[in-house]
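# Structural features, examined
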Amino acid sequence: MTDRHHAEGLEEARRRLAEAQGQVVAALVAGAELPQGFDPERMRAQASSLVAKRRGIVARIRPDAAAAAGPHLPAEFAAYARSRSGPPPNYRTDADDFAAWLRERGRMPDPPPKPRWWSRFLP
């Protein structure tokens with residue numbers, strides 16, 4: 001095998017691995033179909049654990065959203081997490097998206113309007 005063929009083989013293996021990893025992540029965080037060879041019960045348990053971790057972090061970042069959901073926070077956050085088509089880019093976005101999701105359902109009041117920069121000059 002030449003160096004070029006070896007490099008092409010490695011590149012193809014990396015591409016397949018990245019694709020498989022993407023399928024696993026999508027199954028864990030967005031409820032996508034499980035890749036072949038994975039135990040469905042273990043994947044459900046892991047997905048549930050990841051949602052609980054995200055919920056805890058989101059509640060710390062946006063305590064107003066957690067308070068708005070109240071005792072229904074676990075169920076509300078699980079429904080929100082299932083509604084996403086993919087993983088959030090970061091926890092801040094996840095928290096803000098959850099708050100918006102609650103607001104769309106009438107579970108959270110609209111935020112107060114931000115004062116205009118010039119309002120500080122008014123009496």
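An account of the accompanying structure is given in this report. (Residues numbered from 1 in each chain as written. Predicted model: local features only at pLDDT ≥ 70, side-chain atom pairs only at ≥ 80, totals over all residues. Heavy atoms only, no water.)

## Remarks on the packing of aromatic side chains
Where two aromatic rings form a pair, the distance of their centres and the angle of their planes describe that pair. A complete count under the given rule lists five aromatic pairs for this structure. Judged by centre distance (5.0 Å) and plane angle (65 degrees), the ring pair of Phe77 and Phe98 falls under edge-to-face. Of the two residues, Phe77 is situated in helix H4 (residues 73-83) and Phe98 in helix H5 (residues 91-104); the sequence distance between them amounts to 21 residues. For the pair shown, Phe77 and Phe98 are each scored as buried. (Phe/Tyr/Trp six-rings, centres within 6.5 Å; stacked < 30°, edge-to-face > 60°. Helix = DSSP H or I, 4+ residues; strand = E, 2+ residues; numbered from the N terminus. Buried < 20%, exposed > 50% of the residue type's maximum accessible area, 1.4 Å probe, protein only.)

## Section: the side chain of Arg54
In this fold, Arg54 is placed in helix H2 (residues 40-61). The buried category is assigned to Arg54, whose relative accessible area is 8%. What Arg54 contacts, discounting residues up to four positions off in sequence, is Val29, Phe77, Tyr80, Ala81, Arg84, Pro88, Tyr91 and Asp94. (Contact = heavy atoms within 4.5 Å.)

## Side note on the side chain of Arg62
By the secondary structure assignment, Arg62 is in the loop between H2 and helix H3 (63-69). When its relative accessible area of 16% is taken as the criterion, Arg62 is described as buried. Separated by 2.8 Å, the side chains of Arg62 and Asp64 make a polar contact. Excluding residues that lie within four positions of it along the chain, Arg62 makes contacts with Arg92, Ala95, Asp96, Ala99, Arg103 and Met108. (Polar contact = N/O pair within 3.5 Å; in protein donor to acceptor, adjacent residues only side chain to side chain.)

## Describing the nonpolar core
Core analysis: the biggest nonpolar cluster contains 15 residues, and Ala65, Leu73, Phe77, Phe98 and Leu102 have the highest contact counts within it. Breaking this core down by element, the ones donating at least two residues are H2, H3, H4 and H5. The dominant element in this core, judged by the number of residues it contributes, is H5, at five residues. Sequence-distant contacts of Leu73, defined by excluding residues within four places in its chain, comprise Arg55, Ala59, Ala66 and Phe98. Grouped together as the second largest cluster of nonpolar side chains are seven residues, Ala27, Leu28, Met43 and Ala47 included. (Core = buried A, V, L, I, M, F, W, Y, C linked by side-chain atoms within 4.5 Å.)

## Looking at helix H1 (residues 3-30)
Between the first and last C-alpha of H1 there are 39 Å, a value that for 28 residues agrees with the 40 Å anticipated at 1.5 Å per step. Those residues of H1 that fall on the buried side of the exposure criterion are Val24, Ala27, Leu28, Val29 and Ala30. Among the structural elements, H2 and H4 are those in contact with the buried residues of H1. Taken from the residues just after H1, Gly31 is the one with a positive phi, measuring 70 degrees. (Expected span 1.5 Å × (residues − 1).)

## Section: H2
An α-helix turns once per 3.6 residues; consequently, residues spaced three or four apart project the same way. Compared with an ideal rise of 1.5 Å per residue, which puts 22 residues at 32 Å, H2 spans 31 Å between its outermost C-alpha atoms and is within 8% of the ideal. Against the buried residues of H2 lie H1, H4 and H5. You can read the cap of H2 off the contacts: a side-chain oxygen lies 3.0 Å from the backbone nitrogen of Glu41, and it is on Asp39.

Limitation: the analysis is restricted to geometry and does not speak to function.
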